[in-house]
Amino acid sequence: MTTSLDAPVAGAGTAPDGDVTEHVLAVARRAQVASRALSVATRGTKDAALQALADALVAGAEPIVAANAEDVARGRADGTSPGLLDRLTLTPERIGAIADALREVAALPDPVGEVVRGSTLPNGLRMRQVRVPMGVVGMIYEARPNVTVDAVGLSLKSGNAVILRGGSAAARSNAVIVDVLRAALEAQGLPADLVQSIDAYGRAGGVALMHARGLVDVLVPRGGADLIRTVVREATVPVIETGVGNVHVYVDATADPAMALPILLNAKTQRVGVCNAAETLLVHRDAAAGFLPSALVALADAGVTVHGDAATADLAPEGVAVVPATDEDWATEYLSLDLAVRVVDDLDAALEHIRTWSSGHTEAIVTRDLAASERFVAEVDSAAVMVNASTRFTDGGQLGLGAEIGISTQKLHARGPMGLGELTTTKWVVHGDGHVRP
C-alpha cells in the first residue's frame, strides 16, 4: 500500500508547473492570511460555519461516495489489507456520522480566550494566561478520509487554518471533500483558504510542508509507524507525534471472566483497523486455565488468528489453532484479525512485557483487585490506561472531546486524544497602569 508521502494517483489533481517548494510555501502564506479571519471570529461565527460544513457534506454525499469508490477499488487491486480498506471506505451513513461529529464540535465550548490562570500581582499588574489559536496546522495522514473532516472541524473551532496532505490512498475522496468544505466556507463569508490540500504536489509537497517552519505552526502526522517516524525525523516544523497502537489487554488473577471476555472481544474485534484496537492479550497464570480456553474459542469464532506462547497453546481446546508467537508478534500493530497472546507469571511480568513492547498508546487491566489496578495505573507509561473497560474508549468522541485530530503518544504539550484545547497555545496578557520595572 502507498503511504501519504507517495506521489498522488492520476486524477487526484495536477500540481501547477514550477518549484513545488515555492507552491507549498505560497499555500502556507495564504493559510496564514486566512487564519487572521478566525483570530477575531466569535464562537457564533465559527459554530455556524461548522454547521454549514456538516450540511454540505451530507448534501454532497453522492459525489464523495463515488470518488471514494475509486479509491477503494484501487486499494483493493493494490492488495490493501481489509482493516485499512475499512478505514478508507465511506458510505452515506459514515458521511452522516462524520457530519454529526462536526455538529458535536460546534456544540463544544470554544477554547479560545479561556483563562488558564491569572492574578493581580503585589505591584498592581494584572496578568492572565489565555488560550489562543496555533495559527496554521499541517496534517500529514493516510487512507483516512474522515481525518480530513475531523482536522478541518477541530482546526476551525480552535481558530486555526489547516493544510492537508492526505496521501494517494484516499486522493480522490479527499479532493472532493476539500472542494465541498471550501465552497461551504465561502458561502459563510469565510476565506476558503482556511482549508487547503497539497495532495497534488506529491511526496515533494509533503517534504516542503515539513520544512515550512515559520509559516506552519505545528504539524500532526497520523498514520502508520513509517509515516510517523519519517515526519518526526525530517520535519523542522514542530511536530505533535501521534502514535502507533501496540495496545495491550491484561487479564489479572482476580478478573471476572464474564467481564474480561466481552472487553477483550470488543477491544480486538469491534473495529480492527484502528489504533486503539487490542493487539496483545496478557493473562495472569492463575487466571489462564479458567479464562483462556473459552476466550480462544470465542476469538476463533470471531475470525481472530491467535499468535500465542507455549502456555497459550497448551490451553487451546481441540480444533483451535495457535500460531507460535515470536518477538515480532509482541512488537506488531496488526490492524487485522490477529492477536498475540501470552501467559505471564504475575502483574510484575505483565508490566515488564508492556514496558518492553508497548508503543505508549493504550493499555487495559481487567481485575477485581484494587491494589493491582492502582499499581497498573501508576506504572504503565502510556497515554491512556483503562481499568475494566475496553481500549476502544481511547477516542475523542468517546471521552467527550468531540472529534479528535489524533492520539498523541508524546509527553510534551499534548498526550492522548487531541481535541480542541490541544490545538491551542497560550499567551500572557498583562495590564498595568503606567508600570515600569524598577
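Residues numbered from 1 in each chain as written. Predicted model: local features only at pLDDT ≥ 70, side-chain atom pairs only at ≥ 80, totals over all residues. Heavy atoms only, no water.

Whenever I open this one, the overall build of the protein confuses me. Can you help?
For the protein, the count of helices and strands is 15 helices and 16 strands. Taking 2.2 N^0.38 as the reference for a compact globule, 438 residues should give roughly 22 Å; the C-alpha atoms of the protein span a radius of gyration of 24 Å, in line with that estimate. Projecting the C-alpha coordinates of the protein onto the three principal axes gives extents of approximately 75 × 65 × 35 Å. Partitioning the contacts of the protein with sequence separation of at least 6, the portion at a separation of at least 24 is 74%. Put simply, the protein shows about 18000 Å² of open surface, and 53% of that area lies on carbon and sulfur atoms. Of the charged side chains in the protein, 36 are positive and 52 negative, and the gap between their average positions amounts to 9 Å. (Helix = DSSP H or I, 4+ residues; strand = E, 2+ residues; numbered from the N terminus. Rg over C-alpha atoms; globule rule 2.2 N^0.38 Å. Contact = heavy atoms within 4.5 Å. Areas by Shrake-Rupley, 256 points an atom, 1.4 Å probe, with all protein chains shown as cover. Lys, Arg positive; Asp, Glu negative; His and termini not counted. Charge placed at Lys NZ, Arg CZ, Asp CG, Glu CD.)

I tried to follow the domain arrangement of the protein on my own but got confused; where do I start?
Many structure descriptions define interface size as the accessible area lost when the parts assemble. Looking at the assigned domains, one finds that the protein contains domain 1 (20–234) and domain 2 (248–400). One C-alpha centre belongs to domain 1, the other to domain 2; they are set 33 Å apart. Between domain 1 and domain 2, the contact holds six residues from the first and seven residues from the second. Both sides together, the interface formed by domain 1 and domain 2 hides about 520 Å², and carbon and sulfur atoms give 41% of it. Where domain 1 meets domain 2, there are one salt bridge. For Arg 271, the salt bridge identified is with Asp 86, shortest N-O distance 2.9 Å. (Domains from an automatic or database assignment. Buried area = accessible area lost by both parts, 1.4 Å probe. Salt bridge = Lys/Arg side-chain N within 4 Å of Asp/Glu carboxyl O.)

I tried to follow the layout of surface pockets on my own but got confused; where do I start?
Picture a little ball the size of a water molecule; that probe, rolled over the atoms, points out where space is still empty. By volume, the largest pocket is sized at about 800 Å³. Taken together, 29 residues make up the lining of the largest pocket; nearest its centre are Arg 144, Asn 146, Asp 150, Arg 271 and Asp 395. Contributions of two or more residues to the lining of the largest pocket are made by α5 (92–107) and α6 (145–157). For the lining of the largest pocket, the element with the most residues is α5, which contributes six residues. (1 Å grid on protein atoms, 1.4 Å probe; cavity = no way out; pocket = protein on both sides within 12 Å on 5 of 7 lines; lining within 4 Å. Points joined across faces, edges and corners; volume = space filled by probe spheres on them.)

Just checking my understanding: could you explain the pairing of strand β12 (residues 362–366) for this structure?
The side chains of a regular strand alternate, first on one face of the sheet and then on the other. Within β12, five of the five residues are buried, leaving the element largely enclosed by the surrounding structure. Residues Thr 362, Ala 364 and Val 366 point to one face of β12 and Glu 363 and Ile 365 to the other, with burial holding for every one of them. Sheet topology places β12 next to strand β13 (residues 384–387); four bridges connect them, and they run parallel. What sits directly across from Thr 362, in β13, is Ala 384. Following the backbone out of β12, through helix α15 (residues 370–379) and into the adjacent parallel β13, one traces a crossover that is right-handed. (Buried < 20%, exposed > 50% of the residue type's maximum accessible area, 1.4 Å probe, protein only. Pairing = 2+ DSSP bridges. Right-handed = clockwise from strand over helix to strand, strands pointing away.)

How should the sheet that holds strand β1 (residues 115–120) be read in this particular structure?
Backbone-to-backbone hydrogen bonds join strands into a sheet, with any given pair of strands oriented parallel or antiparallel. One open sheet accounts for three strands, arranged β1-β2-β16; its pairing is antiparallel. The strands lining the two open edges of the sheet, one partner per strand, are β1 and β16 (424–431). Strand after strand, the sheet turns through a mean of 20° between neighbouring axes, direction not considered. Here β1 pairs with strand β2 (residues 126–133) via five bridges, running antiparallel. Pairing of Ser 119 across the sheet is with Met 127, part of β2. (Axes fitted to C-alpha atoms, helices over the stretch in contact; angles between N-to-C directions.)

Would you take a moment to explain the sheet that holds β12 for this structure?
Overall, parallel pairing links the seven strands, which are arranged β10-β9-β11-β8-β7-β12-β13 in an open sheet. Looking at which strands have only one partner, the edges of the open sheet turn out to be β10 (322–324) and β13. Strand-to-strand twist in this sheet, taken as the mean axis angle between neighbours without regard to direction, amounts to 25°. The strands touched by helix α10 (residues 257–269) within the sheet are β7 (247–251), β8 (278–284), β11 (338–344) and β12, with β8 carrying the most contacts at an inclination of about 160°.

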